[in-house]
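# Survey of secondary and tertiary structure
Given next are the chains, with one letter for each unit.
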Amino acid sequence: MADYVIMTDSCCDLPAELAEELGVAVLPLRLELEGREYRNLLDGSEIGFQEFYVKVRDGAMPVTSAVNVGEFDAAMRPILKSGKDILCLCFSSALSTTYQSAVIAAREQEEEFPERKVRVVDSLCASMGQGLFVWLCAQERKKGKTLEELRAYAEETKGSICHWFTVDDLNHLKRGGRVSAAAALFGTMLSVKPVLHVDGQGRLIPMEKCRGRRASLLALVDHMEKTALDPARYPVFISHGDCREDADFVAEEVRRRLGVREVCINYVGPVIGSHTGAGVMTLFFVGRER
């Protein structure tokens, strides 16, 4: 068995049971909500997913923070001290400073443990797109890839993790500067639902506008149909902002239209949900290109 640990952060939005099954070490990002700080834990034990989205729908305005250098140091040190190396797969550097913190911590830990290796990869992924990326890497680790082999695989593979999503409320994208105030106002009045993706540089990019929720959900599957690589071979990951019925609808569409066999559905965690709002719907898959 390869003698290293895969580490990631909680923006992967993996189900807690799956992360444990994969043997992945997960560091939580944080959010401040109504005067209290919470860790974004995969099991929702500090703030439940439904509880979080109820608060957001009621008008709460969360503020999020990345994993800092000290937190990475504290998580990496005991692993390295035990004689194992680390491959750290981080939330997109275009959306968070988590990756930069991991790089600094890795440098510090390698100075403290010169016989050990810490490799850090900028996933350029988000939410369960990052989760799918981590899952793929964990499968290769099981096959016996060395640390350096898996790092090379990760760098080669991350550009093929496709991210498509739509939001129900444009006002959260307005807060983040993704759409203008006027566009949010008129889009809401006209029931316009934007379809966005994460590009090859890990940035959030608006791609098209749909009239109505159902049209936006079908657009996610349309994009998958155009670019998916062997959809019957790879799993599809879907995350949602407390709208499970929409997630089930999209899952059924990808099964029916593309012959997908394995679908993993989970919540969009509260850190990413702070920026997308309730009702966000995402679709992640392996494609020929993003």
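Relevant structure appears above.
The paragraphs below set out a description of the structure included in this document. (Residues numbered from 1 in each chain as written. Predicted model: local features only at pLDDT ≥ 70, side-chain atom pairs only at ≥ 80, totals over all residues. Heavy atoms only, no water.)

The next subject is helix H3 (residues 69-81). Its 13 residues place the ends of H3 18 Å apart at the C-alpha level, agreeing with the 18 Å of an ideal helix rising 1.5 Å per residue. The set of residues buried in H3 consists of Phe72, Asp73, Met76, Ile79 and Leu80. Where H3 is buried, its residues touch strand E1 (4-9), strand E2 (25-27), strand E6 (85-90), helix H4 (98-112) and strand E7 (118-122). Capping the start of H3, Asn68 holds a side-chain oxygen 3.1 Å from the backbone nitrogen of Gly70, two or three residues further along. Gly83 sits one or two residues past H3 and shows a positive phi near 95 degrees. (Helix = DSSP H or I, 4+ residues; strand = E, 2+ residues; numbered from the N terminus. Expected span 1.5 Å × (residues − 1). Buried < 20%, exposed > 50% of the residue type's maximum accessible area, 1.4 Å probe, protein only. Contact = heavy atoms within 4.5 Å. Polar contact = N/O pair within 3.5 Å; in protein donor to acceptor, adjacent residues only side chain to side chain.)

Here we come to helix H6 (residues 147-157). Turning to H6, its buried residues are Leu147, Leu150, Tyr153, Ala154 and Thr157. Projected onto a plane normal to the axis of H6, the buried residues spread over an arc of 125 degrees and lie on a single side. (Arc of directions from axis to C-beta.)

Turning to the sheet that holds strand E11 (residues 236-240), a few remarks are in order. Reading across from one edge, E10-E9-E8-E13-E11-E12 is the order of the six strands in this open sheet, with mixed pairing throughout. Two strands close off the open sheet at either side, each with one partner strand: strand E10 (204-211) and strand E12 (263-267). Strand after strand, the sheet turns through a mean of 20 degrees between neighbouring axes, direction not considered. As defined by bridge partners, strand E9 (residues 192-198) adjoins E10 across seven bridges and the pair is classed as antiparallel. Paired with Val192 across the bridge in E10 is Arg211. (Pairing = 2+ DSSP bridges. Axes fitted to C-alpha atoms, helices over the stretch in contact; angles between N-to-C directions.)

Applying the stated rule across the entire model yields 22 salt bridges. Between Glu148 and Arg119 there is a salt bridge whose closest N-O contact spans 2.9 Å. On the criterion of sequence distance, the pair formed by Glu148 in helix H6 and Arg119 in strand E7 is long-range, its members being 29 residues apart. Between Arg151 and Glu148 there is a salt bridge; the shortest N-O distance is 3.8 Å. Here Arg151 pairs with Glu148, and both are found in helix H6, just three residues apart, close to one helical turn. Judged by relative accessible area, Arg151 falls into the partly exposed class, the value being 31%. (Salt bridge = Lys/Arg side-chain N within 4 Å of Asp/Glu carboxyl O.)

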